[in-house]
Amino acid sequence: MITATQQLESYLESFSEFEKLAAGHDLPWLRKLRRDAFARFCEVGFPTTHDEDWRFTNVSAIAQTPFRLTRNGRARLSQQELEPYRVPGVACQLVFVNGCFARELSLLGKLPDGVKVSSLAWEISSNPGAIEAHFGRYLDIRRDAFGALNTAFVEDGAFVHIPRGTLVEEPICLLFVSTGDDAPSMSHPRNLIVAEENSQATFGEDYVSLGGGGAAFCNTVTELVAGDHTVLSHYMIEREHEQAFNISTLRIQQGRSANVVSHSVLLGGALVRNNVHPLLAGEGGECLINGLFIGNGHQHLDNYMLVEHASPRCGSRQFYNGILDGHAHGVFHGRIIVHKDAQKTDAKQTNRNLLLSDDAQIDTKPQLEIYADDVKCTHGATIGQIEGDALFYLRSRGIDEVSARKLLLFAFASECLDRMKQGPVRKYVEGLINQYLFQMANSASTGNRREDTGRNWEEIG
Amino acid sequence: MSLLEIKNLHVKVDNHEILKGIDLKVSAGEVHSIMGPNGSGKSTLAQVLARRETYAVTSGEVSYNGKDLLAMKPEEAACEGIFMAFQYPVEIPGISNAYFLRSALNAIHKYRGLDEIDAMDFLPMFREKLKLLDMDEKLMNRSVNEGFSGGEKKRNEILQMAVLEPKLAILDETDSGLDIDALKIVAQGVDAMRNPERAIIVVTHYQRLLNYIIPDFVHVLVDGRIVRSGGPELALELEEKGYGAMEAEARHATPA
């Protein structure tokens, strides 16, 4: 067991080293940002289950592990190894290895005039003025240790800028590969996406593990600035290996009548926490937060939403479906804050869960804080099992048990898939989910099944 | 040789004996009706034949097409040509009716070593069967049974039967809850499927359905035993006298 002081010393050592050499170390504003953030991290410390926002998720495994920055993993990867992670039909795919941009592995296609997709580190070195206006302006790190840590170690990630009125038809994708190391390694990718007024685009973030299976900690933040009247989709896919820790935050700043859709698909990792935090700052904004989490073994998948209605006539929808098997533990924590002036708010959240084993667990928690008086807020949650009746019905028509199980799981997952717009990323995600659910259905014959026994199934006679 | 032969079948549910020694022979081309009051074990018999695993067979044998039916899983029984129309068809959100049926048909084709049927070939055949049951094509893209009315659910069962073309069809109280118009459509759908290669077992509480599907044999099931067997006239006699007389007879024959 290492003490809190030892933990901080380990991070302090990493930080002092990092700060000297990091891109933009000579920029006063950036240096200050990093230092302030690090001080904030030291002050706040890692959260415990006494923090309301972390009640169901214990991060002591992260706190206890002496993670070090990895800065040289990229040489080991080949184009061929990345083949399974390529998404057909996208505009570009930027590849980051252990948090650092790998140009030689990235696919850079043709983008509409004026659209900029590049590495944050490169922007910091060559054109810091372009990012200063937005950088770190939206993420609130006052009480957020992981956000503070990410900001302290900020250096690389993606920078995307979409000019006013531009329509980007093909998705802009980012692939984050952690290669693992003998020693526990960490990375802190930071993405800044600025979509100006009346632009439209789709973004994808995909987190994967390759190579070594050592403990890896990926602590990532994306700031998405959705200008007035923008129409944007964002996908987050997490499928790292079973020793990976992944903490991610998507901070969305929505302008007037901006329409933003966020899809989170959590499939991998030992401990995963996905924060989605839209602030509906302009009147008439719409936000859909759609999520699917599929866990097995001892995975812990935590979905945390903070939806802030700060302007009148905004709508938000949260829909999350979870499928949990083995000893997996899922969390849905949907917090909605309706500020005083946000009249005519229409907010809704729904969380539906399938527990496939007796040991799988879900904690689902709505948290509504309403300070306006003319609003509509609803929430609901369900927990169920694969129905014995449905399974028998399919089998009685000739469909074998594994296929029947898979069909039922897929039908449940489809509720989330159907909220994704047809396109390359959805197609890719669909294939991925199919693959995960097939494995899950296949392993179903072993272990402690949880299933409706059909007791209420008919009146005997 | 009979298509189905049940010998001395005993079945327990929750440690309670429901079937207490059933003997029944059904040959291809025949229509049998099993009638009985509530709680007599009719549905249990249908479920066991469809291989619902929650029913414990404690003794007896069932041979189907020369094979041991009790050794089969539900999907194997289905692939071997057994079809049960459910008394309470199950709603399955998220799977379209058309997709479900094509998956089922292809699973059966695969088992029998036949080619898969693609959507292009499936659709015309499917439309034809829909017409037979006077069903709206829109129901096909809806989730299986979800939001269907009671009559639509029952018709959907018969539609599945028409597509899967079983050797042995078991209709478990398909008539219950149907108004007379829906009953006629369902009965016509079933009657159209009578042929010398196919056997049908109609499980019902009332005689009305048998006006439209005239059985070759009628069996009366009371308290887990077949107490009488006869021709179609037996159904009429039951309608007239009710089950009471036969229940009394059964009690008399085997004191509890």
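See above for the structure.
Residues numbered from 1 in each chain as written. Chains lettered and ligands numbered in written order. Predicted model: local features only at pLDDT ≥ 70, side-chain atom pairs only at ≥ 80, totals over all residues.

> Can you lay out the overall build of chain B for me, pointing to particular residues and giving the numbers?
A tally of helices and strands in chain B yields 8 helices and 12 strands. Its C-alpha radius of gyration of 18 Å places chain B within 12% of the 18 Å reference for a compact globule of 256 residues. In terms of overall dimensions, chain B has a C-alpha envelope of 60 × 40 × 35 Å along the principal axes. Looking at chain B as a whole, 43% of its 256 residues are labelled buried. Sequence-distant contacts in chain B: of pairs separated by 6 or more residues, those separated by 24 or more amount to 71%. (Helix = DSSP H or I, 4+ residues; strand = E, 2+ residues; numbered from the N terminus. Rg over C-alpha atoms; globule rule 2.2 N^0.38 Å. Buried ≥ 20, exposed ≤ 12 C-beta atoms within 10 Å, placed from the backbone. Contact = placed C-beta atoms within 7 Å.)

> Before we move on, could you go through the pairing of strand β19 (residues 329–338) of chain A and cite the residues and values that matter?
On a regular strand, one side chain projects to one face of the sheet and the next to the other, so that they alternate. All names here are of chain A. Within β19, 8 of the 10 residues are buried, leaving the element largely enclosed by the surrounding structure. Bridging between strand β17 (residues 300–309) and β19 involves 10 bridges; their strand directions are parallel. If you follow Y304 over to β19, its bridge partner there is H333. In this structure, β19 lies alongside strand β21 (residues 361–370), joined through 10 bridges in parallel fashion. Note that in β21 the partner of V338 across the bridge is I370. (Pairing = 2+ DSSP bridges.)

> Outline the interface of chain B and chain A, listing residues and values.
Residue-level contacts link 32 residues of chain B with 21 residues of chain A. Element by element, the count of residues in the side of chain B that touches chain A is highest for helix α3 (residues 97–111) of chain B, at 5 residues. Taken together, the residues of the side of chain B that touches chain A break down into 18 nonpolar, 11 polar and 3 charged. (Nonpolar A, V, L, I, M, F, W, Y, C, P; charged D, E, K, R; others polar.)

> A description of the environment of P163 of chain A should follow, citing residues and the corresponding values.
Residues and elements named next belong to chain A. Mapping P163 onto the fold places it in the loop between β6 (158–162) and β7 (172–178). Each C-alpha atom, one on P163 and one on T222, is 19 Å from the other, the two residues being 59 residues apart in sequence. In this structure, P163 is in contact with G114, V115, E196 and S199, ignoring residues within four places of it in sequence.

Any functional reading would require information that these geometric values do not contain.
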